[in-house]
Amino acid sequence: MNQQTITLYSDADFFSPYVMSAFVALTEKALPFTLSTINLSKGEHMQPAYALLSTTRRVPTLVIDDFQLSESSAIAEYLEERFPSPDYARVYPQDRQERARAREIQAWLRSDFMPIRAERPTEVVFAGLKLPPLSENGLQAASKLISGLEPLLSDGRKYLFNEWCIADTDLALMLNRLALSGDPLPDYLQQYASYQWRRPSVQQWRALSQK
């Protein structure tokens, strides 16, 4: 296997769910990489030097040798194609239809549920922030999330599909915004999110955010 120089750019607080997703994908594939931080509160992501690396000027940004890529789902898909099984662990399902469904879940989580993301920021998950009860919009978003997941997870399975994939980590983060705030969740979703949270690659990310 050829050795690459890999750098992942992260927010300085390690609170970004999107950096977490890319971090977990790299860790699951056992790819050695350097973590470099960008202070978003000081606007470092808008500086010219970072603009040369990131088209979107957001985190995460992945740099492999002379190739740069931003957006977490694009990063995970690129890593899956560049470092395929069997030499590297999979981060997407092997089955084509399940792989498409995993990407569907990821896109859904990134494009919807703004009231949950606004009222339950990741400081709730990684810093123990306590916030008021959900608004009506927040409750409606949580209800939509729960009802959408019922046919996928209500049988108590540990993963969305036959084995772990990166969508499980992304989904657990969204669910833990609610679970760790004490918002009502069915037991099977609380258990699912708790199980994903114990995964070693996720624990490594959590250790960064708790320093």
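Residues numbered from 1 in each chain as written. Predicted model: local features only at pLDDT ≥ 70, side-chain atom pairs only at ≥ 80, totals over all residues. Heavy atoms only, no water.

A few points about the overall build of the protein
Point 1. The helix and strand inventory of the protein stands at 10 helices and 4 strands.
Point 2. Helices and strands in the protein line up, N terminus first, as β-α-β-α-β-β-α-α-α-α-α-α-α-α.
Point 3. Relative to the globule expectation of 17 Å for 211 residues, the C-alpha radius of gyration of the protein, 17 Å, shows essentially globular dimensions.
Point 4. Each principal axis of the C-alpha distribution contributes one length, and for the protein these read about 45 × 40 × 30 Å.
Point 5. Within the protein, buried positions represent 47% of all 211 residues.
Point 6. Carbon and sulfur atoms form 49% of the exposed surface of the protein, whose accessible area is close to 10600 Å². (Helix = DSSP H or I, 4+ residues; strand = E, 2+ residues; numbered from the N terminus. Rg over C-alpha atoms; globule rule 2.2 N^0.38 Å. Buried < 20%, exposed > 50% of the residue type's maximum accessible area, 1.4 Å probe, protein only. Areas by Shrake-Rupley, 256 points an atom, 1.4 Å probe, with all protein chains shown as cover.)

Points about the environment of Pro32
Point 1. Note that Pro32 resides in the loop between helix H1 (17–28) and strand E2 (34–38).
Point 2. In the structure, Pro32 is positioned 25 residues away from Thr7 in sequence and 9.0 Å away in space, judged by C-alpha atoms.
Point 3. For Pro32, the residues in contact, after removing those within four places along its chain, are Gln3 and Ile6. (Contact = heavy atoms within 4.5 Å.)

What about the UniProt feature "domain: GST N-terminal" (unreviewed entry) in the protein?
Point 1. The UniProt feature table records "domain: GST N-terminal" (unreviewed entry) at residues 6–87.
Point 2. Counting secondary structure, residues 6–87 comes out at 33% helix and 23% strand; the distance between its end C-alpha atoms is 17 Å. (UniProt positions renumbered as here; feature names shortened; annotations may be inferred.)

Some thoughts on the packing of aromatic side chains
Point 1. Inspection of every chain in the model, using the stated rule, returns 10 aromatic pairs.
Point 2. An angle of 15 degrees between the planes, with centres 6.2 Å apart, marks the rings of Phe15 and Phe126 as stacked. Of the two residues, Phe15 sits in the loop between strand E1 (6–11) and H1 while Phe126 sits in helix H6 (residues 122–126), which places them 111 residues apart along the sequence.
Point 3. Clustering of aromatic rings is evident, with ring pairs tying together Phe14, Phe23, Phe33 and Trp205.
Point 4. Above the face of the Tyr92 ring, Arg103 is positioned so that its terminal group lies 5.2 Å from the ring centre. (Phe/Tyr/Trp six-rings, centres within 6.5 Å; stacked < 30°, edge-to-face > 60°. Lys NZ or Arg CZ within 6 Å of the ring centre and 35° of its normal.)

Notes on the pairing of strand E4 (residues 67–70)
Point 1. Of the strand pairs in this sheet, strand E3 (residues 61–64) and E4 are connected by 4 bridges, and their pairing is antiparallel. Pairing of Ile64 across the sheet is with Phe67, part of E4.
Point 2. The turn linking E3 back onto E4 is made up of 2 residues, and Asp65 within it adopts a positive phi angle of 55 degrees. (Pairing = 2+ DSSP bridges.)

A word on the nonpolar core
Point 1. Of all hydrophobic cores here, the largest spans 64 residues; its most connected members are Leu62, Leu79, Leu145, Leu160, Leu171 and Leu175.
Point 2. In terms of residues, this core owes the most to one element, helix H8 (residues 166–179), which gives 8 residues. (Core = buried A, V, L, I, M, F, W, Y, C linked by side-chain atoms within 4.5 Å.)

Points about helix H9 (residues 187–197)
Point 1. Looking at H9, one finds that the buried residues are Tyr188, Leu189, Tyr192, Ala193, Gln196 and Trp197.
Point 2. Residues of H9 that are buried make contact with H1, H6, helix H7 (136–153), H8 and helix H10 (200–209).

Side note on H1
Point 1. Over its 12 residues, H1 extends 16 Å from the first C-alpha to the last, a length consistent with the 16 Å expected when each residue adds 1.5 Å.
Point 2. Among the 12 residues that make up H1, 11 are buried, leaving the element largely enclosed by the rest of the structure.
Point 3. Residues of H1 that are buried include every one of Pro17, Val19, Met20, Ser21, Ala22, Phe23, Val24, Ala25, Leu26, Thr27 and Glu28, and no others.
Point 4. Where H1 begins, the capping side chain belongs to Ser16, and its oxygen is found 3.2 Å from the backbone nitrogen of Tyr18.
Point 5. Downstream of H1 by one or two residues, Ala30 has phi in the positive range, about 55 degrees. (Expected span 1.5 Å × (residues − 1). Polar contact = N/O pair within 3.5 Å; in protein donor to acceptor, adjacent residues only side chain to side chain.)

Quick look at the pattern of salt bridges
Point 1. Throughout the structure, instances matching the rule amount to 11 salt bridges.
Point 2. Residues Arg101 and Glu104 are paired through a salt bridge, measuring 2.6 Å at the closest nitrogen-oxygen approach. Residue Arg101 and its partner Glu104 are both found in helix H4 (residues 96–111); the two are separated by 3 residues, about one turn of the helix.
Point 3. Here Arg120 ties to Asp183 by a salt bridge, and the two come within 2.8 Å at their closest N and O atoms. With Arg120 in the loop between helix H5 (114–119) and H6 and Asp183 in the loop between H8 and H9, this pair connects stretches of sequence that are 63 residues apart. (Salt bridge = Lys/Arg side-chain N within 4 Å of Asp/Glu carboxyl O.)

Considering unusual backbone geometry
Point 1. A cis amide bond, omega 0 degrees, links Val59 with the succeeding residue Pro60.
Point 2. In this model, Ser85 is joined to Pro86 through a cis peptide bond whose omega is 10 degrees.
Point 3. By the secondary structure assignment, Pro86 is in the loop between helix H3 (72–82) and H4.
Point 4. For Arg57, which is not glycine, the phi torsion reads 55 degrees and is therefore positive.
Point 5. Topologically, Arg57 is positioned in the loop between helix H2 (48–51) and E3.
Point 6. Although it is not a glycine, Phe113 sits at a positive phi angle of roughly 65 degrees.
Point 7. Mapping Phe113 onto the fold places it in the loop between H4 and H5.

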